[in-house]
Amino acid sequence: MTRALYLDDSYLKECDATVVSVTQGKYVVLDQTLFYPTGGGQPWDTGKIVNGREVYNVVYVGNFSGAISHEVDRSGLSEGDVVVCLLNWDRRYKLMRSHTAAHVFASLLCDGTGALITGNQLGLERTRFDFNLENFDRSILKTYIAKANELFQEDIPVKCYELPREEALKIPGLIKMAKAFPPNVRTLRIVEIVGVDIEADGGTHVHNLREVGRIQFLKAQNKGKHNRRVYFSLDDSSVSRG
Ligand SMILES: [Zn+2]
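Described in the following lines is the structure provided in the data block. (Residues numbered from 1 in each chain as written. Predicted model: local features only at pLDDT ≥ 70, side-chain atom pairs only at ≥ 80, totals over all residues. Heavy atoms only, no water.)

### Looking at the layout of surface pockets
The test is simple: Points on a 1 Å grid over protein atoms alone make up a cavity when a 1.4 Å probe fits among them but cannot get out, and a pocket when they form an open set with protein on both sides within 12 Å along at least five of seven lines; lining residues each have an atom within 4 Å of a point. Grid points are joined across faces, edges and corners, and a volume is the space filled by probe spheres set on the points. Counting from the N terminus, the helices are the DSSP runs of H or I reaching at least four residues and the strands are the DSSP runs of E reaching at least two. Each residue gets one of three labels, nonpolar for Ala, Val, Leu, Ile, Met, Phe, Trp, Tyr, Cys and Pro, charged for Asp, Glu, Lys and Arg, and polar for the others, Gly among them.
In this structure, the second largest pocket encloses a volume near 190 Å³. Lining the second largest pocket are 14 residues; nearest its centre among them are Leu7, Asp8, Asp9, Cys160 and Arg189. For the lining of the second largest pocket, the elements supplying multiple residues, two or more each, are helix H1 (5-8) and strand S11 (158-164). The element best represented in the lining of the second largest pocket is S11, accounting for 5 residues. Counted by class, the lining of the second largest pocket contains 6 nonpolar, 3 polar and 5 charged residues.

Written out as structure tokens, the structure reads:
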């Protein structure tokens, strides 16, 4: 098992690690990492693994039964190497802002319309949501985007913590995608946007809704009788963020 440092501190940008194994020269497992592996609708992190003067670019990260594997762009790393991990923070921070924004938007949409989220995919350019909703109207979606943007101006903390499974499952609305949590998972990681949303989730999030900035509606599609799809993106055009 790789120790996943991003679960405890999503703002960590650099860490030391020891190479546990290297497969085919380019799939590197470390004892601990700050690189998020693709999953739960959130794409993988990129960055660098540095061994002395040698630099290896991380091009993909995946989680294989708890072993987080970093695909690097060239061979040269060996078991036992002590390395430094450097995160591509610009990419990650956009994904963190998008991920927290997605929880807020989904929560408003589900609470307001009774829609059920059936899938989602975060991206650097746009974030996609699939949901079930009988009466479909683009203006409704724009209303919830606007409501989300109002919340992003408020000083609302986002907390991440663990709860025993039994305790967590008593919280109404916690499991929005139940199949993501197999029965052998004993503790669930909770992401709580205080007063807005609470969800079991393994992704990386900002600490405060103010950090999201703004989101904008891109487009919506009908994907069948009750299946809908909506795209939004971060809107960094007019805000200066400090
Ligand atoms: Zn999430």
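### Focus: the coordination of the zinc ion
Operational definition: The rule for donors is simple: N, O or S, within 2.8 Å of the metal, or within 3.2 Å if the metal is Na, K or Ca. Water isn't counted, so a site may look like it is missing partners. Buried means the residue's accessible area, taken with a 1.4 Å probe over protein chains only, is under 20% of the maximum for its type, while exposed means over 50%, and partly exposed covers the values in between.
At this site the zinc ion is bound by His99 (NE2), His103 (NE2) and Asp201 (OD), with donor distances of 2.0 to 2.1 Å. In primary-sequence terms, the residues that donate to the zinc ion follow H-x3-H-x97-D. Placement of the pair is His99 in helix H2 (residues 89-113) and Asp201 in the loop between strand S13 (197-200) and strand S14 (215-222), with a sequence separation of 102 residues. According to the relative accessible area criterion, His99 is buried, its value standing at 3%. Using a relative accessible area of 10% as the deciding quantity, one classes Asp201 as buried.

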